[in-house]
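# Understanding the architecture of this molecule
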Amino acid sequence: MIIHNQNFDIMQIADSGQCFRMNYIENKDKKVKYGLVAYGRYLELTQLDPDTVEFSCSEEEFYQIWEEYFDLKYDYGKIVNGLINGEDPFLKEAALYGKGIRILKQEPFEAAISFIISQNKNIPAIKNCIEGICRRYGEQKENKECGRIDYVTFPTAEVLGQAVKEDLRALKTGYRDEYILKAAQAVKTGELDLENLKQCSFEEAVKTLKGIHGIGEKVANCISLYGLHHIEGFPVDVWIQKVLKEIYNNQFDKDKYKGYSGIVQQYMFYYMRHLKSAS
DNA sequence: AGCCAGGTGACCG
DNA sequence: CGGTCACATGGC
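Residues numbered from 1 in each chain as written. Chains lettered and ligands numbered in written order. Predicted model: local features only at pLDDT ≥ 70, side-chain atom pairs only at ≥ 80, totals over all residues. Heavy atoms only, no water.

Turning next to the packing of aromatic side chains. According to the stated counting rule, one finds 24 aromatic pairs in the structure shown. Ring geometry for Phe 115 against Tyr 226: centres 5.3 Å apart, planes inclined by 20°, an arrangement best described as stacked. One end of the pair, Phe 115, is in helix α5 (residues 108-118); the other, Tyr 226, is in helix α12 (residues 217-227), with 111 residues separating them in the sequence. The exposure class assigned to Phe 115 is buried, which follows from its relative accessible area of 3%. According to the relative accessible area criterion, Tyr 226 is buried, its value standing at 3%. Across from the ring centre of Tyr 175, 4.5 Å away, lies the NZ or CZ of Arg 176, which sits over that ring. (Phe/Tyr/Trp six-rings, centres within 6.5 Å; stacked < 30°, edge-to-face > 60°. Helix = DSSP H or I, 4+ residues; strand = E, 2+ residues; numbered from the N terminus. Buried < 20%, exposed > 50% of the residue type's maximum accessible area, 1.4 Å probe, protein only. Lys NZ or Arg CZ within 6 Å of the ring centre and 35° of its normal.)

See below:
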């Protein structure tokens, strides 16, 4: 299954800090390959050229799951061009630099737990921690399309909600162990209905999420943006704080980008990390 | 070796 | 409300 899209770069997506189970596999003949587990499936993606991505799955599976997952019906080119031709010099560069990023539609529960774990950790540590949790509590599966690859799914709330705190702690969750446990139990009992939060407003979703112990403003924005696809989400972490302070002198107005501020935030994050690592 | 990481809750005034 | 502090642990 081959897809052409001018705003679809799998390396940029994998490196954009919004998902933690998309991993580099190889680079053969300048064609980069990544593997990913989501929605109980394993998928491999190959960037054939800047505008072309090959999916390892069938056409049915692509239209059933991945077209939606990668938000491929939405026109990111329009957003990118608007920023490139706009008045904001930083966003001009940022959009140009990260034009292949897309905001993924991840599973809400996975996004919730992943971003609870993310607090005060760097991205490699988050990935390792999540992988450990999947291995311990996820379901073992086998993928035949990609040569019988064994993989583990992200655990369900039912399974994770029955975990023992000490076991979670042993998986490098640190002080977040009880945050994870409480959140999983809240989903399990129905006290926290993530599917329902997709339907209601962004503001309502954030407010509800913040009612869970261990979910604050930033994590609630991440879950809303990456797990519920509330595109107005605007997570402010240490990197975005740097942007807002150093580039905008704390005068940035996200309301100028109403309806897609989450995408703007993602370009900012990706570009700022690049600037800092290059300096 | 020591600082930092896609922060949050508790506690303070 | 807004400022400080501890929190557990790996990455670099």
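Moving on: the packing of helix α11 (residues 202-209) against α12. Relative orientation of the contacting elements α11 and α12 amounts to 130°, with a least axis distance of 9 Å. With respect to α12, the axis of α11 lies oblique. The two elements α11 and α12 cross, and the hand of that crossing is right-handed. Contacts between α11 and α12 involve Phe 202, Ala 205, Val 206 and Leu 209 from the first element and Glu 217, Ala 220, Asn 221, Ile 223 and Ser 224 from the second. (Axes fitted to C-alpha atoms, helices over the stretch in contact; angles between N-to-C directions. Parallel < 35°, antiparallel > 145°, perpendicular 65-115°, else oblique. Left-handed = near helix turned anticlockwise from the far one by under 90°. Contact = heavy atoms within 4.5 Å.)

Domain boundaries in chain A define domain 1 (2-73) and domain 2 (108-227). Taking only C-alpha atoms, the centre of domain 1 and the centre of domain 2 are 22 Å apart. Contact residues are listed per partner, giving 14 residues for domain 1 and 19 residues for domain 2. When the two sides are added together, the surface that domain 1 and domain 2 hide from each other amounts to roughly 1,500 Å², 58% of it contributed by carbon and sulfur. Three residues stand out in domain 1 for area buried against domain 2, namely Phe 20, Arg 21 and Tyr 42, and they jointly supply 51% of the buried area on that side. The interface formed by domain 1 and domain 2 includes one salt bridge. Arg 21 is paired through a salt bridge with Glu 131; the nearest N and O atoms lie 2.8 Å apart. Linking domain 1 with domain 2 are six residue pairs in polar contact (both at pLDDT 80 or more), by the criterion used here. Those elements that provide at least two residues to the side of domain 1 that touches domain 2 are β2 (22-28) and β4 (41-49). (Domains from an automatic or database assignment. Buried area = accessible area lost by both parts, 1.4 Å probe. Salt bridge = Lys/Arg side-chain N within 4 Å of Asp/Glu carboxyl O. Polar contact = N/O pair within 3.5 Å; in protein donor to acceptor, adjacent residues only side chain to side chain.)

Bridge count for β2 against strand β3 (residues 31-38) is six bridges, and the pairing is antiparallel. Along β3, the bridge assignment pairs Lys 28 with Lys 31. Linking β2 back to β3 in an antiparallel pair, the connection comprises two residues, with Asp 29 at a positive phi of about 50°. (Pairing = 2+ DSSP bridges.)

What follows concerns helix α14 (residues 261-278). Along its 18 residues, α14 runs 26 Å from first to last C-alpha, staying within 8% of the 26 Å computed at 1.5 Å per residue. As for α14, its buried residues are in contact with α1 (10-14), α3 (76-84), α4 (89-97), α6 (123-137), α12 and α13 (238-247). (Expected span 1.5 Å × (residues − 1).)

Let us look at α4. Regarding α4, the residues found buried are Phe 90, Leu 91, Ala 94 and Ala 95. Summarising the axial view, the buried residues of α4 lie within an arc of 120°, below the 170-degree limit, and thus occupy one face. In this structure, the buried residues of α4 make contact with α3, α13 and α14. (Arc of directions from axis to C-beta.)

Bringing empty space enclosed by the protein into the picture now. The tally for this structure, following the rule as stated, stands at one cavity of 30 Å³ or more. Taken as a whole, the largest cavity spans an internal volume of roughly 60 Å³. Lining the largest cavity are Cys 19, Phe 20, Arg 21, Leu 36, Val 37, Ala 38, Tyr 39, Tyr 69, Gln 106, Glu 107 and Glu 110. With three residues, β3 is the largest single contributor of residues to the lining of the largest cavity. Of the residues that constitute the lining of the largest cavity, the class distribution is seven nonpolar, one polar and three charged. (1 Å grid on protein atoms, 1.4 Å probe; cavity = no way out; pocket = protein on both sides within 12 Å on 5 of 7 lines; lining within 4 Å. Points joined across faces, edges and corners; volume = space filled by probe spheres on them. Nonpolar A, V, L, I, M, F, W, Y, C, P; charged D, E, K, R; others polar.)

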